[in-house]
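Chains, contacts and geometry: an overview
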2 protein chains.
Amino acid sequence: MSPKDQDARNGSQLYNRIAVLRAERGLSRQELADAVGVNYQTVGYLERGDYNPSLELAFRISEFFKLPVEVIFSREPFKPLSEEVYGHTNEALKKDR
Amino acid sequence: MSPKDQDARNGSQLYNRIAVLRAERGLSRQELADAVGVNYQTVGYLERGDYNPSLELAFRISEFFKLPVEVIFSREPFKPLSEEVYGHTNEALKKDR
DNA sequence: ACATAATATTGTACTAGTACAACAATTTGT
DNA sequence: ACAAATTGTTGTACTAGTACAATATTATGT
C-alpha cells in the first residue's frame, strides 16, 4: 500500500513527539533520518502519523533522543510538552483547566 | 515472506522476555494471544524471535504485563530475570561471575 | 499408556512499514 | 525578492508483520 492513503489505515494509530523533539534540537528530517538510519521521507511519514515505526526503529529513535520509548510514542494523544513541564508551576492559572 | 525463513532475516532482531513473563503467569500462548488481540501463532513467532512485533503490539503486550516496553523488549540479549533480581543478594557467590 | 492440551512446522495470503525518485509547495537566509 | 533548504505529495516497489489452516510433535494429567 502506498503511504499516500494515510487515512485509510486508522484504528491502530499511535501518537508521537518526533516533530517536537526534532524541532527542539534544531534538526532537519534529513539529519534525524541519517542519525537513526532511515530515509528522510520515513521521518516525515512518522511525524504526520501516516504510519507507525517498527519496534526496532522506535528503539533507535528512543536511543537517539535518550528518552524512554513511552515518552516519545503513546497510544494516547500527547499533551504539549511545554504544558507537561511547566503547567503546574503557576497555581493562579490552574483554575481554567 | 513466510515466517518459516526465520534465519534469513537477521541483523535487526530484538530480544524479548515474552516467554518468561507468560510462563511466570502460567498462561498459554492462546490466552496471551487473546489478551493482546493477536493470533496465537503470532505469540509463538515473537517468543522464538522469528520477527519483531509492531510498535502497537509491543505497547499492548507491555500494557498487558504492566511493564515498560524496555523491560520486555531490548536490542541486547536479556540476562535471566532471576539473576537480575536475586543475583546481587549473595556476595559470596559473586566471585565466579 | 492414553487422551488432551500446548507448542512447532509448513504453506499461503494480505497489510503495514520502508526506500526511492521526481516534482510541488513552503520556509528561511541574505 | 531570490536562491537554497526543508517539507509535502504521488507513485512504485520490496520486505516485515500478522492471520489462518492443516498437520506434526511434545508435554501433561489421570
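Residues numbered from 1 in each chain as written. Chains lettered and ligands numbered in written order. Predicted model: local features only at pLDDT ≥ 70, side-chain atom pairs only at ≥ 80, totals over all residues. Heavy atoms only, no water.

So, on to the pattern of salt bridges. By the definition in use, this model includes 14 salt bridges over all chains. Two residues, Glu56(A) and Arg60(A), come together in a salt bridge whose shortest N-O distance is 2.3 Å. Note that Glu56(A) and Arg60(A) are positioned in helix α4 (residues 55-65) at a spacing of four residues, about one turn of the helix. A relative accessible area of 8% means that Glu56(A) is categorised as buried. Salt-bridge contacts for Glu24(B) lead to Arg25(B); the nearest nitrogen and oxygen are separated by 3.5 Å. (Salt bridge = Lys/Arg side-chain N within 4 Å of Asp/Glu carboxyl O. Helix = DSSP H or I, 4+ residues; strand = E, 2+ residues; numbered from the N terminus. Buried < 20%, exposed > 50% of the residue type's maximum accessible area, 1.4 Å probe, protein only.)

All names here are of chain A. Running from N to C, helix α2 (residues 29-36) and α4 point in directions that differ by 110 degrees, and their axes come no closer than 9 Å. By the angle class used here, α2 and α4 are roughly perpendicular. Every residue of α4 that contacts α2 at Leu32, Ala35 and Val36 is listed here: Leu57, Arg60, Ile61, Phe64 and Phe65. Residue composition of the contact of α2 with α4, by class: seven nonpolar, no polar and one charged. (Axes fitted to C-alpha atoms, helices over the stretch in contact; angles between N-to-C directions. Parallel < 35°, antiparallel > 145°, perpendicular 65-115°, else oblique. Contact = heavy atoms within 4.5 Å. Nonpolar A, V, L, I, M, F, W, Y, C, P; charged D, E, K, R; others polar.)

Once that is clear, we can look at the interface of chain B and chain A. Taken together, the contact pairs 16 residues of chain B with 16 residues of chain A. It is Leu55(B), Glu56(B) and Arg75(B) that lose the most area in chain B upon contact with chain A, and together they represent 45% of the buried surface on that side. One salt bridge connects Arg75(A) with Glu63(B), and the closest N-O pair in it is separated by 3.0 Å. Between the two partners, chain B and chain A, sit four residue pairs in polar contact (both at pLDDT 80 or more). Listing elements by their share of the side of chain B that touches chain A, those giving two or more residues are α4 (55-65), α5 (69-72) and β2 (73-74) of chain B. No other element matches the six residues that α4(B) contributes to the side of chain B that touches chain A. Of the residues belonging to the side of chain B that touches chain A, the class tally is eight nonpolar, three polar and five charged. (Buried area = accessible area lost by both parts, 1.4 Å probe. Polar contact = N/O pair within 3.5 Å; in protein donor to acceptor, adjacent residues only side chain to side chain.)

Treat this as a map of the structure, not an account of what it does.
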